[in-house]
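Coordinate inspection notes
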Amino acid sequence: MRALRSAEPRSIKPYPRLLLVPAVLALALIVLPLVGLLARSDLSRFGELITSASALDALELSLRTAVASTVLCVVFGVPLAFVLARGRFPGLRFVRSLVLLPLVLPPVVGGLALLYSLGRGGFLGQAIDFGFGVSVPFTPVAVVLAQTFVAMPFLVVGLEGAIRGNGQRYELVAGTLGAGPWTVFRRVTLPLLVPAIGSSVVLCFARALGEFGATITFAGSLQGVTRTLPLQIYLANETDVDGAVALSILLVLLAIVVIVITRPKALS
Amino acid sequence: MSELAADLAVQRGEFHLDVRLRVAAGEVLAVLGPNGAGKSTLLGALTGQLRPQRAAISLGGTDIAELAMHRRRIGVLGQEPLLFPHLSVLANVAFGPRAAGMPRGKAHSLAHELLGEVDAGEFAARKPAAISGGQAQRVALARALAARPELLLLDEPFSALDVDSAPRVRALIGRVLAEHPETASILVTHDPLDALVLADRVAVLDGGRIVEQGPAREVLSAPSTPFAARIAGLNLVTGTVTEHGLDGLSGILAAEARIGAAGAAVFAPSAVAAFRERPDGSPRNVVPAELAHVERAGDLVRLRLRASDGGPGWVDGLRADITPAALADLDLQPGGLLWLAVKATEIVVHPQRAAR
């Protein structure tokens with residue numbers, strides 16, 4: 001141990017010792033509430049609590065909508081990431097910052113924006129009502145749209161960085177081997193991005209699963225229709241604390257799984 | 001049969017490239033030049049990565065100047081192998097044929113065949129990360145050839161390899177290119193040795209222009225421009241490889257040199273010592289020569305030599321770098337006679353591409 005230490009330069013400390021105090025406090029702020037949550041829980045009834053009718057409804061709806069919005073994010077976000085990473089047009093930087101908006105905007109504001117554009121009175125909502133005779137707000141479709149809205153940046157930003165980091169060296173080689181643009185994209189570009197797409201998709205799914213503010217504003221809270229897990233937890237906390245805590249722990253476990261899957265990529 | 005005829009002008013900022021090239025099928029043209037001479041600009045213009053101001057490129061009778069990169073049939077072997085990391089070695093080599101629509105089975109058997117040609121058959125199932133740099137470069141050559149290019153561009157293909165594998169890969173590329181007489185090749189390099197071993201002709205590029213062009217052994221052993229001489233930089237004597245060196249010269253055989261084949265003895269001007277009287281003792285290569293002229297070479301002086309009456313012909317054009325004090329000791333004027341000595345350990349005999 002001593003031998004290992006002496007290999008480090010002694011003269012420069014890695015950081016001032018005083019920084020340890022706020023650093024530990026910061027960590028405590030993250031960890032202690034989770035300990036509190038665990039302490040409040042009734043683990044003996046955990047299985048029973050997360051399988052109540054309303055909890056199962058919420059769980060099923062959450063999984064369905066989060067999967068749907070993740071698919072939407074991939075279908076539309078992967079091409080957007082390519083355009084942002086490789087496009088050359090005036091205003092590109094402005095577009096890039098637009099994509100970040102849902103990340104920094106309070107979700108409730110996003111929900112209002114969706115409501116007043118896609119709702120009955122909104123300009124898109126009127127067009128949809130006129131064209132298809134349907135109304136989007138307060139339906140599972142609204143849940144999916146709200147989740148897609150908030151989760152899209154997680155996919156686009158992560159992927160955009162990976163696309164830029166990969167460069168085009170392999171694509172050039174593929175070109176000299178006679179592969180046309182689509183073949184290059186399918187057989188070289190995309191396969192090389194698989195790790196980045198994977199970790200972005202997991203983060204995107206996690207964000208969609210946890211979405212609350214935009215959902216309750218734009219889609220409401222109807223059991224089995226728009227009441228996702230976070231909404232169910234919020235509601236249950238008023239009447240059935242044990243159920244709310246159990247569902248919360250379920251989401252914490254899911255979050256830990258997500259971090260374990262994505263951590264190697266995020267840290268490197 | 002593919003012949004390249006290119007007439008290119010490219011403007012890149014302040015830099016201007018203006019060259020005319022011709023390479024026959026089966027021929028290897030080495031483009032020799034220092035960094036910044038315009039070598040990569042030339043390659044970029046040929047592959048289509050750069051848009052030239054003026055371009056007439058005919059390859060195998062087709063005008064390809066306006067074609068997209070993937071339709072030009074120009075293969076590239078660069079400094080780094082850049083094997084696709086997500087594909088096996090075999091799938092890498094089969095990539096070109098597959099992209100051209102060849103059925104999988106046929107593409108794979110072609111890939112196996114080419115991997116055999118580059119002595120890499122045993123790696124077929126491995127991922128690129130599991131083979132060495134020299135092995136990967138050989139696989140990259142097989143991959144480039146599998147796409148059946150009409151023109152193969154070799155862009156400093158040995159510069160990223162370690163000193164042990166570079167000569168081996170160089171010899172292998174020489175052998176494999178000879179087995180593909182349908183392909184024209186351009187080798188871009190800053191190392192005259194690469195040109196010597198691989199090329200039929202050499203074009204010396206400086207400041208975006210070709211300053212000298214001709215058969216490899218002529219340009220390298222008797223450069224007619226000072227610039228080419230500085231680039232080539234080394235003394236070079238061509239002949240037939242013998243057990244002890246090259247014709248009348250004693251030297252060390254490079255690993256790839258084969259006795260009886262064409263070779264070139266290469267040694268630095270600083271390895272040549274000059275004497276007024278015939279020296280006694282160890283150096284095996286002691287010959288008379290005539291002093292042609294003297295020029296400055298940094299802190300040293302460079303003697304240019306020519307064959308003396310009755311002396312060996314190979315000293316013609318040789319350069320010897322000596323100190324000004326040694327020159328004073330020699331007390332010679334151009335036209336005077338002197339003795340040269342080169343230690344056998346300073347001379348390396350390399351294989352040379354057979355004359356076509």
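Now for a description of the structure that goes with this document.

Procedures and definitions
- Residues numbered from 1 in each chain as written.
- Chains lettered and ligands numbered in written order.
- Predicted model: local features only at pLDDT ≥ 70, side-chain atom pairs only at ≥ 80, totals over all residues.
- Heavy atoms only, no water.
- Helix = DSSP H or I, 4+ residues; strand = E, 2+ residues; numbered from the N terminus.
- Buried < 20%, exposed > 50% of the residue type's maximum accessible area, 1.4 Å probe, protein only.
- Contact = heavy atoms within 4.5 Å.
- Areas by Shrake-Rupley, 256 points an atom, 1.4 Å probe, with all protein chains shown as cover.
- Lys, Arg positive; Asp, Glu negative; His and termini not counted.
- Charge placed at Lys NZ, Arg CZ, Asp CG, Glu CD.
- Rg over C-alpha atoms; globule rule 2.2 N^0.38 Å.
- Patch = residues over 30% accessible without salt bridge, like charges linked within 9 Å, V, L, I, M, F, W, Y side chains within 5 Å.
- Salt bridge = Lys/Arg side-chain N within 4 Å of Asp/Glu carboxyl O.
- Pairing = 2+ DSSP bridges.
- Axes fitted to C-alpha atoms, helices over the stretch in contact; angles between N-to-C directions.
- Parallel < 35°, antiparallel > 145°, perpendicular 65-115°, else oblique.
- Nonpolar A, V, L, I, M, F, W, Y, C, P; charged D, E, K, R; others polar.
- Polar contact = N/O pair within 3.5 Å; in protein donor to acceptor, adjacent residues only side chain to side chain.
- Disulfide = S-S within 2.5 Å.
- 1 Å grid on protein atoms, 1.4 Å probe; cavity = no way out; pocket = protein on both sides within 12 Å on 5 of 7 lines; lining within 4 Å.
- Points joined across faces, edges and corners; volume = space filled by probe spheres on them.
- Core = buried A, V, L, I, M, F, W, Y, C linked by side-chain atoms within 4.5 Å.

Our next topic: the overall build of chain A. On a plain count of helices and strands, chain A comes out with 13 helices and zero strands. Dimensions along the principal axes, computed over C-alpha positions, put chain A at roughly 60 × 60 × 30 Å. Counting across all 268 residues of chain A, residues that qualify as buried make up 38%. Considering only contacts within chain A whose residues lie at least 6 apart along the sequence, 73% involve residues at least 24 apart. For chain A, the exposed area adds up to about 15,600 Å²; of that, 71% sits on carbon and sulfur atoms. For chain A, the distance from the average position of its 21 positive side-chain charges to the average position of its 12 negative side-chain charges is 19 Å.

Looking now at the overall build of chain B. Within chain B, the regular secondary structure consists of nine helices and 21 strands. Compactness check: chain B gives a C-alpha radius of gyration of 23 Å against a globular reference of 21 Å for 356 residues, within 12% of the reference. Taken over the C-alpha atoms alone, chain B extends approximately 75 × 45 × 30 Å along its principal axes. Across chain B, contacts joining residues at least 24 apart in sequence account for 68% of those joining residues at least 6 apart. Accessible area of chain B: about 15,500 Å², with a carbon and sulfur share of 49%. For chain B, the separation between the mean place of its 36 positive charges and that of its 39 negative charges on side chains is 7 Å.

On to a nonpolar patch on the surface, then. A surface patch of nonpolar side chains, about 630 Å² in accessible area, is lined by Phe94(A), Leu98(A), Leu100(A), Leu101(A), Leu103(A), Val104(A) and Val157(A). No other element matches the six residues that helix 5 (residues 92-104) of chain A contributes to the nonpolar patch.

This brings us to the sheet that holds strand 16 (residues 272-275) of chain B. Residues and elements named next belong to chain B. Pairing is antiparallel across the open sheet formed by five strands, whose spatial order is 16-20-17-18-19. Of all strands in the sheet, those bounded by a partner on one side alone are strand 16 and strand 19 (319-322). Averaged over all pairs of adjacent strands, the angle between strand axes in this sheet comes to 45°, irrespective of strand direction. Sheet topology places strand 17 (residues 285-297) next to strand 18 (residues 300-306); seven bridges connect them, and they run antiparallel. Across the sheet, Leu291 pairs through a bridge with Leu305, a residue of strand 18.

This brings us to the sheet that holds strand 15 (residues 262-267) of chain B. Strand pairs in the sheet, formed through backbone hydrogen bonds, run parallel or antiparallel to each other. All names here are of chain B. Strands sit in the order 11-15-21-14 across an open sheet of four strands; the sheet is mixed. The open sheet has two free edges, formed respectively by strand 11 (235-240) and strand 14 (252-253), since each of these has just one partner strand. Note: strand 15 against strand 21 (residues 348-351), four bridges, orientation antiparallel. Each residue of the ladder has a partner; that of Val266, found in strand 21, is Val348.

All names here are of chain A. Relative orientation of the contacting elements helix 4 (residues 53-86) and helix 12 (residues 229-239) amounts to 150°, with a least axis distance of 8 Å. If you check the angle between helix 4 and helix 12, you find them roughly antiparallel. Taken together, the residues of helix 12 that come into contact with helix 4 (itself represented by Ser54, Ala55, Ala58, Leu59 and Ser62) are Leu229, Pro230 and Gln232. Here the residues of the contact of helix 4 with helix 12 sort into five nonpolar, three polar and no charged.

Residues and elements named next belong to chain A. Along the polypeptide, Ser117 turns up in helix 6 (residues 107-118). When near neighbours in sequence (up to four residues on either side) are disregarded, Ser117 contacts Gly122, Phe123, Leu124 and Gly125. Of the polar contacts made by the side chain of Ser117, one reaches the backbone oxygen of Ala113; its length is 2.8 Å.

On to helix 1 (residues 39-47) of chain B, then. All names here are of chain B. Helix 1 sits mainly inside the fold: eight of its nine residues count as buried. Taken together, the buried positions of helix 1 are occupied by Lys39, Thr41, Leu42, Leu43, Gly44, Ala45, Leu46 and Thr47. Of the residues trailing helix 1, Gly48 is marked for its positive phi of about 100°.

The next subject is the state of the cysteines. In total, this model carries zero disulfides over all chains according to the counting rule given. There is no disulfide at Cys73(A), and the cysteine sulfur nearest it, in Cys204(A), is 3.5 Å away.

All names here are of chain A. Scanning the entire structure with this criterion turns up four cavities of 30 Å³ or more. By volume, the largest cavity is sized at about 60 Å³. In terms of lining residues, the largest cavity is bounded by Phe82, Arg86, Ile163, Asn166, Gly167, Gln168, Arg169, Tyr170, Glu171, Thr189, Leu192 and Leu193. If you list the elements that add at least two residues to the lining of the largest cavity, you get helix 4, helix 8 (140-166), helix 9 (169-176) and helix 10 (181-210).

Residues and elements named next belong to chain B. Burial runs high along strand 15: five of the six residues are buried. Two strands pair when backbone bridges link them, and strand 11 and strand 15 are joined in this way by six bridges, in the antiparallel orientation. When the bridges of strand 15 are listed, Val237 appears paired with Ala265.

Let's shift gears to the nonpolar core. With 54 residues, the main nonpolar core has Val93(B), Leu115(B), Val139(B), Leu141(B), Ile173(B) and Val202(B) as its most contacted residues. By residue number, the principal contributor to this core is helix 4 (residues 133-146) of chain B, which donates eight residues. Look past the residues within four positions of Val202(B) in its chain and what remains in contact with it is Leu29(B), Ala30(B), Leu32(B), Ala195(B), Glu212(B), Gln213(B), Gly214(B), Pro215(B), Ala216(B), Val219(B) and Leu220(B). Core analysis: the next-biggest nonpolar cluster, separate from the first, contains 38 residues, Ala58(A), Leu84(A), Leu92(A) and Leu229(A) among them.

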